[in-house]
Each structure stands twice: as structure tokens, then as C-alpha cells.
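Geometric and topological summary
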Amino acid sequence: MLKVEPEEYINLPIFKVVSNSTLEFLKDRTYKIKIKKGKQLFDQKEIVKTIYIVLKGKMTLYRNSEEGQKRVIFILNEGEIINEVIFDEKVSSANCEAFEDSELLCFLKDDLMKAMSMDFKLTEFIINSMSKKIRRLYRQLKNTVPIRIDKRLAAKLWKLSRDYGIPADEGILINLNITVTYLADMLGSSRETISRCLRVLENEGLIKVKNKKIYVVSSEKLSIYFRGV
């Protein structure tokens with residue numbers, strides 16, 4: 001548990017909407033923790049009484065199937081709330097681990113709820129954060145219907161390029177240290193299948209894999225491929 005100075009978090013989206021009195025209230029009730037890549041923050045079915053926001057780095061929410069297979073739900077970026085769903089007083093419904101070395105801003109749930117009662121803008125921000133996650137889950141549910149795995153992979157790469165893409169000579173670089181195994185975890189498939197599908201997409205000229213990095217050559221063509229337009 002580390003002391004955090006206001007200048008470290010004041011520019012996070014959540015604090016751009018709250019009042020000065022809310023900032024003052026939270027100032028002495030806020031701390032941060034550091035977590036190494038691959039380390040677990042909390043487990044599914046664990047009671048969690050702390051709300052976490054990504055201050056630096058990236059975090060992963062995932063579930064384990066009955067067979068023990070890992071299924072990645074979200075990769076959360078700087079400024080995103082990790083576990084606002086714990087407001088319902090129930091156990092966590094997902095596991096959380098560090099996708100890369102990260103720092104997290106922490107609040108006790110009761111303190112944040114008190115701040116929400118004082119400031120509707122804060123409440124509205126958290127509602128919108130939950131709404132965004134729900135919409136993303138709806139899109140994932142759509143992808144659970146029978147569909148070719150190469151198209152599911154194309155859709156996932158297209159979304160990752162939108163969320164984490166940066167311009168590069170080869171196209172749009174997905175600026176994540178993401179492995180074939182991790183893509184398999186995201187799609188609930190095997191590593192071998194994803195490797196084959198990456199080669200298919202590369203042969204189609206839609207992506208390029210270079211030095212363990214994935215580039216989207218054309219977002220438009222990749223979209224047409226998985227949408228079947």
C-alpha cells in the first residue's frame with residue numbers, strides 16, 4: 001500500500017468530472033499498489049471490498065471454465081475502473097491479473113459509495129463505465145454463436161487495432177505484448193488453431209506478423225472479411 005499524490009491521478013477521466021469537494025474527500029482515502037505482470041489481483045468468487053482503477057499499465061479480467069480453460073473477457077487500460085460491479089455486495093464474478101507491470105489506484109468501496117452519494121457526476125461516470133462493459137459483453141455474446149474461428153479472430157484483431165492501434169509503416173500496429181496463447185484465451189480456442197488462422201489472415205493480406213507483433217494492413221478489408229459484407 002503506497003501513498004499517492006493528487007497529481008498522479010488528477011488527469012484520469014473519472015476525476016475530470018467530479019467536484020472539488022469530492023476530490024478533497026477522496027484525497028486522504030486514496031492509495032495505490034504496484035502489481036507485476038502475470039500476478040493475480042483477485043480471484044473469481046472472492047469477496048473484494050476495494051475498488052481499483054488502472055493508474056499505469058494494463059489489467060486483464062478473465063474467467064476459468066469448468067475444464068480450467070482461461071477465457072479473457074477484458075483488457076483494461078489506464079483510467080478504466082476494474083471492478084465497479086462489486087457494489088452489489090456479491091463475490092467477484094471474474095479473476096483479475098496484471099497484463100503488464102501496473103499501478104492501481106485504490107478506494108475502499110464504502111468510501112467511494114459515500115463520495116457517489118455526494119456527487120452525482122461521479123455516480124454518472126461509474127454508471128457509464130458499467131454500461132460500456134455491458135455493451136462489450138453483448139458484442140462478445142454475439143461472437144459466441146457458431147462462426148468460423150478465422151472470422152472471430154479477424155473481429156478481435158480489428159477491435160484491438162481500434163483500441164490499441166498506432167500507425168506504422170506496415171499498417172496499424174496492435175501495441176500490446178499479446179501472444180498467440182493469449183489470443184487463444186480470448187477466443188476460447190487452441191493455440192494451434194489460432195496460429196493457423198493468423199496464417200490465413202496473413203495470406204489474405206489482411207494482417208502482417210513481424211517480430212511477434214501484429215499489424216493490421218487494412219482495417220476496412222479486415223472488417224469486410226469478418227462481417228461478410
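The rules behind each value
- Residues numbered from 1 in each chain as written.
- Predicted model: local features only at pLDDT ≥ 70, side-chain atom pairs only at ≥ 80, totals over all residues.
- Heavy atoms only, no water.
- Helix = DSSP H or I, 4+ residues; strand = E, 2+ residues; numbered from the N terminus.
- Rg over C-alpha atoms; globule rule 2.2 N^0.38 Å.
- Buried < 20%, exposed > 50% of the residue type's maximum accessible area, 1.4 Å probe, protein only.
- Contact = heavy atoms within 4.5 Å.
- Areas by Shrake-Rupley, 256 points an atom, 1.4 Å probe, with all protein chains shown as cover.
- Axes fitted to C-alpha atoms, helices over the stretch in contact; angles between N-to-C directions.
- Parallel < 35°, antiparallel > 145°, perpendicular 65-115°, else oblique.
- Nonpolar A, V, L, I, M, F, W, Y, C, P; charged D, E, K, R; others polar.

As annotated in an unreviewed UniProt entry, the protein is CRP-like cAMP-binding protein from Fonticella tunisiensis.

Now for the overall build of the protein. Each helix and strand counted, the protein has eight helices and twelve strands in total. The C-alpha atoms of the protein give a radius of gyration of 19 Å, which matches the 17 Å a tight globule of 229 residues would have. Referenced to the eigenvectors of the C-alpha coordinate spread, the extents of the protein come out at roughly 55 × 40 × 35 Å. Counting across all 229 residues of the protein, residues that qualify as buried make up 49%. Partitioning the intrachain contacts of the protein with sequence separation of at least 6 by distance along the chain shows that 72% fall at a separation of at least 24. Here the protein displays about 12800 Å² of accessible surface, and carbon together with sulfur accounts for 51% of that area.

A few words on the packing of helix H5 (residues 149–164) against helix H6 (residues 180–187). Between H5 and H6, whose axes approach to 11 Å, the crossing angle comes to 105°. By the angle class used here, H5 and H6 are roughly perpendicular. Here Ile149, Arg152, Leu153, Lys156, Leu157 and Leu160 of H5 come into contact with H6, specifically with Leu183, Met186 and Leu187. Partitioned by chemical class, the residues of the contact of H5 with H6 number seven nonpolar, no polar and two charged.

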